[in-house]
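# Survey of secondary and tertiary structure
The lines below spell out each chain.
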Amino acid sequence: IATSNIGQRVIMEAAQGFGYSNIAGSFDTGIKKEMESFFPPEFINRLDKYIIYNDLVSEDLLQITEINLQKTARQMEASANIHLTWTKAVTKFVVDTANKDQSRPNGRPIRRAVESIVEDFLTDAINVNQVQQAETVNLDIKKNKLVIKT
């Protein structure tokens, strides 16, 4: 499985003024031409098929963020016996921060945002003894900053 933005220009040009649902089949040849101009024929011949994904919507980004936050929570539980919870505001804050410089929101920067916002915050909190082992930490957003809710 490989992902690429090849053909994105074709999709965006075809979508102007029509909406994706009206043009779903109309850009296959354009995308194929884009792929042929970018990849050598030897590579294209090895592809079984290609799939065009829809843009991620807000619910998708929130779900991706939840999955990443749950992974962080499992790591905190396993390494420091710290139980982590968070509000929906934290999830939305991570999504918004991750995609603030993106012209079209996507899921790629979310993992880095979880690391820089949540994991770094927790590391600092542990280092200054604000958080102890075997403790439950409830995260929230106050004044556009991550905080521990008491």
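Conventions and cut-offs
Residues numbered from 1 in each chain as written. Predicted model: local features only at pLDDT ≥ 70, side-chain atom pairs only at ≥ 80, totals over all residues. Heavy atoms only, no water. pLDDT = per-residue confidence, 0-100. Helix = DSSP H or I, 4+ residues; strand = E, 2+ residues; numbered from the N terminus. Axes fitted to C-alpha atoms, helices over the stretch in contact; angles between N-to-C directions. Left-handed = near helix turned anticlockwise from the far one by under 90°. Contact = heavy atoms within 4.5 Å. Nonpolar A, V, L, I, M, F, W, Y, C, P; charged D, E, K, R; others polar. Buried < 20%, exposed > 50% of the residue type's maximum accessible area, 1.4 Å probe, protein only.

Here the chain averages 86 in pLDDT, and 87% of its residues register 70 or above. When pLDDT is averaged over each element of the chain, strand β1 (residues 83-86) comes out on top at 98 and helix α2 (residues 20-23) at the bottom at 49.

Attention shifts here to the packing of helix α6 (residues 88-98) against helix α7 (residues 108-127). At their nearest, the axes of α6 and α7 sit 9 Å apart, and the two run at 120 degrees to each other. α7 is crossed by α6, and the crossing has right-handed handedness. Touching Phe93, Val94, Thr97 and Ala98 of α6 are Pro109, Ile110, Ala113, Val114, Ile117 and Val118, all from α7. Partitioning the contact of α6 with α7 into residue classes produces 9 nonpolar, 1 polar and no charged.

Glancing now at α6. Turning to α6, its buried residues number three or more, namely Val90, Thr91, Phe93, Val94, Val95 and Ala98. Lining the buried residues of α6 we find α5 (58-80), β1, α7, β2 (136-142) and β3 (145-149).

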